Each structure stands twice: as C-alpha cells, then as structure tokens.
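As a plain string of letters, each chain reads:
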Amino acid sequence: MIIKIVFSYIVGYLGLTIEGYYIERFINMCRSNKIAIWHLKRTKDVQLDCKTGIHDFKEVCKIAKKTKCKVKITRKRGLPFLLHRYKKRKIFFILLIVMILLTMISSHFVWNVDIREENEQELENIAKEIEEAGLKTGVLKSKIKTKEIINKIRLERNDIAWMGIELKGTNAIVKVVKADEKPEIIKDDEYCSIISDKIGMITKINAQTGTANVKVGDTINKGDTLINGWMEGKYTGIRYVHAKGEVQAKVWYTKYKNIPYNTTERIETGNIENQYTIQLNNFKINLHKGVSKFKIYDTIETENKMKLFSDFYLPISIIKTTHKEIEEKPKTYEIEEAKNIGIQELQEELEKEIEKKESIVGKNINTYEKEGSIDVYVTYEVLENIGTEEKIVF
C-alpha cells in the first residue's frame, strides 16, 4: 500500500471530499477493493477529506455511488498535472531537461573542497598544496586517489599529525590535525646541558644535577649555558651527567611604534554598494557595469556556492562584492595624545603575546620626540622559567 501511495505522487493524485451518511461503509469498501486512499480526515459527521491516485478515481466514484455518497475534487497534484499546465512552454521543459542532465553529469565531479583544521589551527599554504596534489574543483571523483594525496602531503610536511579525505556528493572534506611542536626529547641516560632559549637576567637557579654556570643577577643571551652537563669531584674528577634544574629569569619583551602628529583618519560614511558576479567554475559573468561610484572605499568579497543538498555542490557560485565608502579626514595629535595612543596600542600587542599576565613584574615606557612624530617604546619585564636541554656531543 505504501508503494502504491508513493507511486501515486509520481503519476498524480487527487484531493477529494466525500459527503454522505455511509462514510464508514465507503472506507471499508475501498479497502476491501484494495483502492488506496490516504490522509483521511473527518471534517463533519457526514463529510470526509482524503486523497487518492488518479488511476483509482473511477473506482472511487463507483463505490461512492453504491454507498450514496457525493464526490467532489478539491485539488489536483502530481507530475501529469504539472506537465499539462506547462505543455505550451517548450523552452521551460527544454531548460528543465538540460538542468537535470547537467546535474547528473556534475555529480561525478568535485565542486567544493572543504578544509577543516582541528581547533582552527591554521596550516600555512595547506590549501595550495592540496590543490597541487590533485584535489581541486572540477576534478573527476574517479580520478582522485585519496591515499596518494595524503601520503604526498605528509611526506612534504612535518607539521601534520593526521590527515583524512572524505568524498560526499560533490564535496571533498579534508580533515587536518596539526602536529604539536615538541622539543627534542633527550633520554635520561644521555648527557646534556641546559641552554638559555631567551635573553634575560637570572633571578633564581637551582641545579639538581650538573654544575650551575651562571648566578643570580647575571644577564644572559640566547644560547648561553645555564647548567653544565658535568660535575667535578675532588676524588672522582669530571663526570658527565644529564643536567637537571630550575632556572628563572627576568625576560624583556619590547615593542616600538612611531606615531606621526599629522595623519589621515579613515571613517566609514555608512554608504555601501553591492555588486554581484556569477561564477561558472572558472568563468565569470559580471552582473554590474563599470567600477564603484565611490572614490575611496574598502572592499569585502564573499562567495556563496550553490548546492542542492548539504554535500551536493554545483559548479555555480554567486560572488558578492561589497564596497564601503570611506571618508578621509586630516587628523592632528598633540604630543601627549600621540604618546598615549602609541602606549595603549603597544601594551595591547604585548599583552596578547604574554600568556601569563600575573608573571609581569615591571613595565618601562620610553618616548623620543622627533620632528613631526614621536617614537614610543614599551618594555614588559616578565618572570619566566627558561632553558632547554641540549645534548653533549663528544
């Protein structure tokens, strides 16, 4: 019965209103004669709304006559009625057939490459390398060798921990997990020293194994030895060890900015202009004429790829180009105002770089007035544990 109902949607069906005193008898006779009626709804005691296939309509009328019921057609639905309605519109059907054929053909190609990086960790040039490896829009799905592409990219890059490619419809989903950057791990039975990885001033040093090479108050550069990987005894002489210990230093983070007294301020006027372009794979059709009417503007471009379903993309996309009008006005800063702007901007930049704000122990600000501008330097003093292990090579 369910198959028959689905089939009726394709070949056409009718919405009916049955009116009479023997509605139950009408329903029972339809069922006993295996006539499909569905979506039964009793609107009144003597009235029933239902649906039936067009091929069963004559039989429904015969049963209605036997049960002394009246039949009224309330709606006509399905492909036959649609074709009848548009039978004089030949161009419409030709375009419809062409669209169906193009959709069937396009289903064998990839029209969208969706790169998903775990935790939004961006991998430089990954999209370009995936394209060069053979996965790009317009490629036949049958020609895409996912394992070969994955192996090629992983051999060329050491910053990828895992990579997978899944083809869904006309969409290629590329999942990439970035590899953690880990320092070289030196085994406990190997000899090593602890080397400074930053510039700073020693505030604390505790050599658990090995010999301290610096003391509190010493200024060290990157690459200086903090704890030597050897120990010297009165009777044992020099013996090499795996250096271990804690080294704390005051590290300096400095940023510089030049702020001119006379500058140009860019202000959005609120006027915008949208332009649209249809892109068919690599072919573009501009729906606008000429360039923007604005003299000065910022441009934002967004691409909306057409798709039938969630993963069935078409080789068609709409590109929306938004121009935002900008008005440029001359702006003059007083010396103190320019200095404060520079200090605020530099502090915001530095605080983004420093992970632990509570480790900031000092701040130095220096400004130098010049002709037409001011140089601003901001330095943060931060307490950090420094040092990295470096293997001793004999």
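Residues numbered from 1 in each chain as written. Predicted model: local features only at pLDDT ≥ 70, side-chain atom pairs only at ≥ 80, totals over all residues. Heavy atoms only, no water.

Enquirer: Talk me through the overall build of the protein; I want residue IDs and the actual numbers.
Expert: Of regular secondary structure, the protein possesses 8 helices and 24 strands. Rg of the C-alpha trace for the protein: 38 Å, well past the compact-globule value of 21 Å for 394 residues, more than 25% over. Taken along the three principal axes of its C-alpha coordinates, the protein extends 120 × 65 × 50 Å. Per-residue burial for the protein yields a buried fraction of 31% across its 394 residues. The contacts of the protein with a sequence gap of at least 6 include a subset with a gap of at least 24, amounting to 67%. For the protein, the exposed area adds up to about 26700 Å²; of that, 51% sits on carbon and sulfur atoms. The averaged location of the 57 negative side-chain charges in the protein is 20 Å from the averaged location of its 66 positive side-chain charges. (Helix = DSSP H or I, 4+ residues; strand = E, 2+ residues; numbered from the N terminus. Rg over C-alpha atoms; globule rule 2.2 N^0.38 Å. Buried < 20%, exposed > 50% of the residue type's maximum accessible area, 1.4 Å probe, protein only. Contact = heavy atoms within 4.5 Å. Areas by Shrake-Rupley, 256 points an atom, 1.4 Å probe, with all protein chains shown as cover. Lys, Arg positive; Asp, Glu negative; His and termini not counted. Charge placed at Lys NZ, Arg CZ, Asp CG, Glu CD.)

Enquirer: Explain the confidence of the model for the protein to me, and be specific about the residues and the numbers.
Expert: Counting all residues, the mean pLDDT for the protein is 88, and 95% of those residues have values of 70 or more. For the protein, the element scoring lowest by mean pLDDT is helix α1 (residues 2-11), at 64; strand β23 (residues 373-385) scores highest, at 95. (pLDDT = per-residue confidence, 0-100.)

Enquirer: How would you explain the sheet that holds strand β22 (residues 360-370) if you had to name every residue and give the values?
Expert: On the basis of which strands lie adjacent, the open sheet formed by 5 strands has the order β13-β11-β17-β23-β22 and antiparallel pairing. This sheet does not close on itself; its edge strands, each paired only once, are β13 (219-220) and β22. In the sheet, β22 pairs with β23 via 10 bridges, with the strands oriented antiparallel. If you follow K363 over to β23, its bridge partner there is Y380. Across the face of the sheet, helix α8 (residues 335-353) comes into contact with β17 (244-260), β22 and β23 while running at roughly 30° to β23. (Pairing = 2+ DSSP bridges. Axes fitted to C-alpha atoms, helices over the stretch in contact; angles between N-to-C directions.)

Enquirer: So, the pattern of salt bridges: which residues are in play, and what are the values?
Expert: One pass over the full model with this rule turns up 18 salt bridges. A salt bridge links E24 to R42; its shortest N-O distance comes to 3.0 Å. Placement of E24 in helix α2 (residues 23-32) and of R42 in strand β2 (residues 37-44) is noted, with a sequence separation of 18 residues between them. The salt bridge partner of E166 is K168, with a shortest N-O separation of 3.9 Å. Take E166: its relative accessible area is 35%, and that puts it in the partly exposed class. (Salt bridge = Lys/Arg side-chain N within 4 Å of Asp/Glu carboxyl O.)

Enquirer: Break down the nonpolar core for me, citing the residues and quoting the values.
Expert: Membership of the largest hydrophobic core comes to 25 residues, with the highest contact counts inside it found for I202, L226 and I386. Mapped onto this core, the elements with two or more residues apiece are β14 (225-228), β17, α8 and β23. Other than its neighbours up to four places away in sequence, I202 contacts V214, K215, V216, G217, D218, I220, L226, V247, Q248 and A249. If you look at the next biggest cluster of nonpolar residues, it comprises 17 residues, including L135, I160, I165 and V174. (Core = buried A, V, L, I, M, F, W, Y, C linked by side-chain atoms within 4.5 Å.)

Enquirer: Give me the lowdown on the pairing of strand β3 (residues 47-53), citing residues and values where you can.
Expert: Among the 7 residues that make up β3, 6 are buried, leaving the element largely enclosed by the rest of the structure. Relative to β3, strand β1 (residues 13-19) is paired through 7 bridges, and the arrangement is antiparallel. Of the residues in β3, the one forming a bridge with L16 is C50. As paired elements, β2 and β3 share 5 bridges and run antiparallel to each other. By the bridge assignment, R42 is partnered in β3 with L48.

Enquirer: Account for a nonpolar patch on the surface, naming residues and giving values.
Expert: A surface patch of nonpolar side chains, about 570 Å² in accessible area, is lined by L96, I97, I100, L101, M104 and I105. One can find L101 in helix α5 (residues 90-106). Of the residues examined, L101 reaches a relative accessible area of 46% and is grouped as partly exposed. (Patch = residues over 30% accessible without salt bridge, like charges linked within 9 Å, V, L, I, M, F, W, Y side chains within 5 Å.)

Enquirer: An account of the packing of aromatic side chains is requested, with residue identities and associated values reported.
Expert: In this structure the tally under the stated criterion is 5 aromatic pairs. Seen from their ring centres, F109 and W111 are 5.6 Å apart, and the 35° between their planes marks the pair as tilted. Ring pairing ties together the aromatic residues Y256, Y368 and Y377, which thus form one cluster. (Phe/Tyr/Trp six-rings, centres within 6.5 Å; stacked < 30°, edge-to-face > 60°.)

Enquirer: Just give me the short version of α8, but keep the residues and values in it.
Expert: For α8, which comprises 19 residues, the first-to-last C-alpha distance of 28 Å matches the rise-based estimate of 27 Å (1.5 Å per residue) to within 8%. Where α8 is concerned, the buried positions are A338, G342, I343, L346, Q347 and L350. The arc enclosing the buried residues of α8, seen along the axis, measures out at 160°, which places them on a common side. Tucked inside the fold, the buried residues of α8 contact β17, β22 and β23. (Expected span 1.5 Å × (residues − 1). Arc of directions from axis to C-beta.)

Enquirer: Got a sec to walk through the state of the cysteines? Specific residues and values, please.
Expert: Here is the idea: a disulfide is a covalent bond, and it sits between the sulfur atoms of two cysteines. Under the counting rule described, the total for this entry stands at 0 disulfides. The thiol of C50 is not disulfide-bonded; the next cysteine sulfur, from C30, is found 7.4 Å away. (Disulfide = S-S within 2.5 Å.)

Enquirer: Residue-level account of the sheet that holds β2, with values.
Expert: The strand order β2-β3-β1-β4 describes an open sheet built from 4 strands, whose pairing is antiparallel. Bordering the open sheet on either side are β2 and β4 (70-77), each of which pairs with just one other strand. Across the sheet, the axes of successive neighbouring strands diverge by a mean angle of 20°, strand direction being ignored. Here β1 runs beside β4; their pairing, made up of 7 bridges, is antiparallel. Each bridged residue has a counterpart across the sheet, and for Y13 the counterpart in β4 is R77. Running over the sheet, α2 touches β1, β2 and β3 and is turned about 180° from β2.

Enquirer: Go over the side chain of H323, please, and point to the residues and values.
Expert: Mapped onto the fold, H323 is located in strand β21 (residues 312-332). Owing to a relative accessible area of 6%, H323 belongs among the buried residues under this scheme. Of the polar contacts made by the side chain of H323, one reaches the side chain of Q275; its length is 3.3 Å. Within the local environment of H323, its side chain forms a polar contact with the side chain of T299, the two groups lying 3.1 Å apart. H323 has contacts with N271, I272, E273, Q275, S292, F294, Y297, D298 and T299, leaving out every residue within four places of it along the chain. (Polar contact = N/O pair within 3.5 Å; in protein donor to acceptor, adjacent residues only side chain to side chain.)

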